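Here is what each chain is made of, one letter per residue.
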Amino acid sequence: MKLFHVKHHLAIIPILVLALAGSASGQAPQPEDYTMLWWADGPPMIRHSTQPPATETLCFQSGTWGMAFDTHAMRALRAGEWPAAMAVKETVQPGRTALADLPAVEWDCAVVVAGRRFTCVGHLETKDSFLQPVRFVESGRFFQRVVIEGLRFVDSDGAAFACAARLEISAWPDRLALRLELEPDALPADGAIELRLGKQRVSAALEKRNSLPLVVFGKDVGPRTVVVADPVLKVGFDEALGCHTLLVPDPARPGKRAPENEDERFDHLDRWPLTLRNDSDEPTVVRVMFIQNHPPDITGFTPMLCEPDGTPTGLPVQTSKNWHQRPEKGVLPHQGPWFHGFAYVRLAPKSSRELVLQIVHARYGGVFAASLAQLSLIGWGTNQFWDQTAIGSFGESICFEPGRAQVRCFITDVRPLMTLSHAKPKPWNWADNCGGGDALMWQDVQGVYQPMRATRTDYRAYGPCLTQASYTEESAGGEMSARMDVSVPRSQDYLRTFIHLRYDVKKPMQWKRLAFFQLGADFYNGTPSRRVAVGDIGGVPEEWEPKRSNQEYDRAPMPMLGEQPWVSIHGLEREGLSEHAAAASRGFIVRKWQAVLGGQPAAQPYVAFFCTKLGKNNRTVVELAPPPGIVKLVPGDYVEADLELVVFPADASDYYGPDEAFKKLLASGADTWKMVQREAAGNALKCEAIHGTVLEAYPLRIAVDAHETAEIIVKGGVGHVPVTFTGLNASKGYILTVDGQGLDQSVNGNDFWQTDYDSSVQSWRQTFNIPLPAGQPHTLRFAADPRP
């Protein structure tokens, strides 16, 4: 059924656009159109780690400016704007940490009463993670907001000024602003508040309630654009955040109907038209914040900016959200539920852009959609970074915690797709959790865990066909740098997660224990699987039960041989299954491996099995490990690997999804290694390029030729294979055929592919998810659409 939510009664509303002079040029995104936020030395609270961070410095950076802020002492350390050439070339590369090159700045945050000066010297100190005072509200590609609660002000004698106070820091690519909010316990007759960073200074008389804004970089340049929008989108302007706001209604969703309307419920799209217009003689940027206070499908949805006909534009919308509340602990500002979306759209002089805000819910083009979002933890605890992906709109699928603050692992909650929860066995609901995993786990020769630092997130694609986020970090002593690229595709059968790893050794390093990847983590490994197997796409696997032990390896690292080697962990120990732990099996496939370790090429990966005990239950952590005999890494060593993580229900009867082939396999192979081997063999794609270049076989990534054409013969394929065509000169105007037939998975019109823009190479890419029936080769042809 075609559901097209569009109203045609439009209103013209003027808005303010704030931009640095000369920063906008044309409508395509530019390399400097980004923001990043990270802890210089790791988060201030890391459970299960004895190594506290060296500093509590929070780093903000965009393509035009940067700032380092000491959250412990509550003062700005360094801040400044980049030279124009550096903004484009140096700061956009992975590992961008040029903040140390910025100048030190003067800083002041004070209350003055009758000549006495009370300076801000710190913030609330607490061991309760729920009240952690440095709180991340939004974090993503275009916008960062951090609120620091419980500020303390004292004079030169150490006397305190009694008040409730917070500092809000908000950041866009071309704007950095601070806001001091303060409520004195008692209002003195003569008082003032002051805020200064560098050359920018503001002050105001002290009142009962104070909100003192300071724009550090960027300026208000007046009403240079207008927005034409659907009247149901309530339009406003947030002076403090420097952006236009559009309040999205909380619709009466068809999801409240009876189960016989599932197709209508899942395929529903919300669409609202809007037009951005620049009437000035200069290029400009529109900053937009979409707000929804009670999102109907908060666990999984993708906001998109589309052409009026629904064609994806490739202009990204940052997705930030929060559903957390703990009333028994208290009510916090910015707790859930809410959705905030952020767009940063460039307009040429005297131009306009007609767009449609489209929100994808459970399915996109008839296939369950993949979505990526920053999930705020305010209202839950720790209040730090957390990235959440979902397939569909009925619970999270896999989550990542940059900084590893809560359970000392990078991969956190993981849930099998379309699988009944044993606690609440209801379809289209949250599945149970089989989470836990890590990218790099290093204990030095004394056995002391070495946390990573400066973990930065680059959000490259929010969905709905294929998500992508890239994480870069380094060890505290600079021994190793790391990058983890993570993608999740839309799916009709089970959860797949693609992980690209790149580690580079900069200084000699030794260890008592070193893992390049962990499935299951030391302190997070909820599902009690008792059997493991190691194999490849065709070989008979070796299968056994690891010993029941604690803090020791089951056996020496063993080589993973053959084509597309894999590991499976299965054989559920049901008596050890806790209430919310998933009845699931898991595994990973090494799709590609290249490494130099100890100065010598390492031709194949090695896998080890570390035995732990969580509570009274035994667990096994599967690790990619250095080969036996390698006891030291040296500068120039590296690891580069492509992994595919897969998760399956352990009970065939628990799966309620639509994939019949998967149901048939589960009937005979659930909770065995056969599930992982099928995926390893089935998606070991064989590709022959007639036109264009195959960059990666799986997920399939193809560069078009000089004529923007690609023709590939593909053999193999399980499920909906993600296929991306790169190097495009435009965001639209192409057609894809499979075996000579036009691919059209559309349900609501032009809604089955994803477009993204890579500003570093100034080109577009399009991603599809294509079912490729096994047993015969298929020809994919991508070219300019000859139709008018």
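Within each chain, residue numbers correspond to sequence positions counted from 1 in written order. The predicted nature of this model means local features are confined to residues of pLDDT at least 70 and side-chain atom pairs, given and counted, to a pLDDT of 80 or more, with totals for whole chains, interfaces and linings taken over all residues. Note: side-chain values were computed over all heavy atoms of the structure, leaving out hydrogens and water.

Visitor: Looking at this model, I keep getting lost on the overall build of the chain. Mind explaining?
Guide: Counting secondary structure elements, the chain contains four helices and 59 strands. For the chain, the C-alpha radius of gyration of 26 Å lies close to 28 Å, the compact-globule estimate for 788 residues. The buried share of the chain, reckoned over its 788 residues, is 63%. Any two residues whose heavy atoms approach within 4.5 Å are treated as being in contact. Of the contacts formed within the chain by residues at least 6 apart in sequence, a portion of 70% connects residues at least 24 apart. Using a 1.4 Å probe, accessible areas were evaluated by the Shrake-Rupley method; residue-level cover was limited to the displayed protein chains. In the form shown here, the chain has an accessible surface area of approximately 28800 Å², with 51% of it arising from carbon and sulfur atoms. A run of H or I in DSSP becomes a helix once it reaches four residues, and a run of E becomes a strand once it reaches two; helices and strands are each numbered from the N terminus. Taken over C-alpha atoms, the radius of gyration is set against a globule rule of 2.2 Å times the number of residues to the power 0.38. For each residue, the accessible area found with a 1.4 Å probe, counting protein chains only, is set against the maximum for its type, and the residue is called buried under 20%, exposed over 50%, and partly exposed in between.

Visitor: Sorry if this is basic, but what is going on with the state of the cysteines here?
Guide: Disulfides are covalent bonds that connect the sulfur atoms of two cysteines. Whenever a pair of cysteine sulfur atoms sits within 2.5 Å, that pair is classed as a disulfide. As enumerated under the stated definition, the model contains zero disulfides in all. Free of any disulfide, C109 has its nearest neighbouring cysteine sulfur in C120, separated by 4.6 Å.

Visitor: Would you explain unusual backbone geometry in this entry?
Guide: Across residues other than glycine, the phi torsion is negative in most instances, and most of the peptide bonds are trans. For the bond from G336 to P337, the omega torsion is 5 degrees, close enough to zero to count as cis. The backbone of T382 sits at a positive phi, close to 65 degrees, despite the residue not being glycine. Here T382 lies in the loop between β28 (370-375) and β29 (387-391). Residue T382 is classed as buried on the basis of its relative accessible area, which comes to 5%. If you check the backbone angles, E708 has positive phi at about 55 degrees while not being a glycine. Within the secondary structure layout, E708 lies in the loop between β52 (700-703) and β53 (710-715).

Visitor: Which parts of the structure should I look at to understand the pairing of strand β48 (residues 617-625)?
Guide: The side chains of a regular strand alternate between both faces of the sheet. For β48, the buried fraction is high: eight of the nine residues fall into the buried class. When DSSP finds two or more bridges between two strands, those strands count as paired. In this sheet, β48 lies alongside strand β39 (residues 517-519) in antiparallel orientation, the contact comprising three bridges. For Q518, the partnering residue across the bridge sits in β48 and is E623. Here strand β47 (residues 606-614) pairs with β48 via nine bridges, running antiparallel. In the sheet register, A608 faces β48, and the bridge partner there is E623.

Visitor: Would you take a moment to explain the pattern of salt bridges for this structure?
Guide: Opposite charge on two side chains makes pairing possible when the charged atoms of those side chains draw close. Definition used for salt bridges: Asp or Glu carboxyl oxygen within 4 Å of a side-chain nitrogen of Lys or Arg. Applying the stated rule across the entire model yields 52 salt bridges. One salt bridge connects D522 with R513, and the closest N-O pair in it is separated by 2.8 Å. Considered together, D522 and R513 belong to a single accessibility category, that of buried residues. Among the ionic pairs, E552 bridges to K547, the shortest N-O distance being 3.4 Å.

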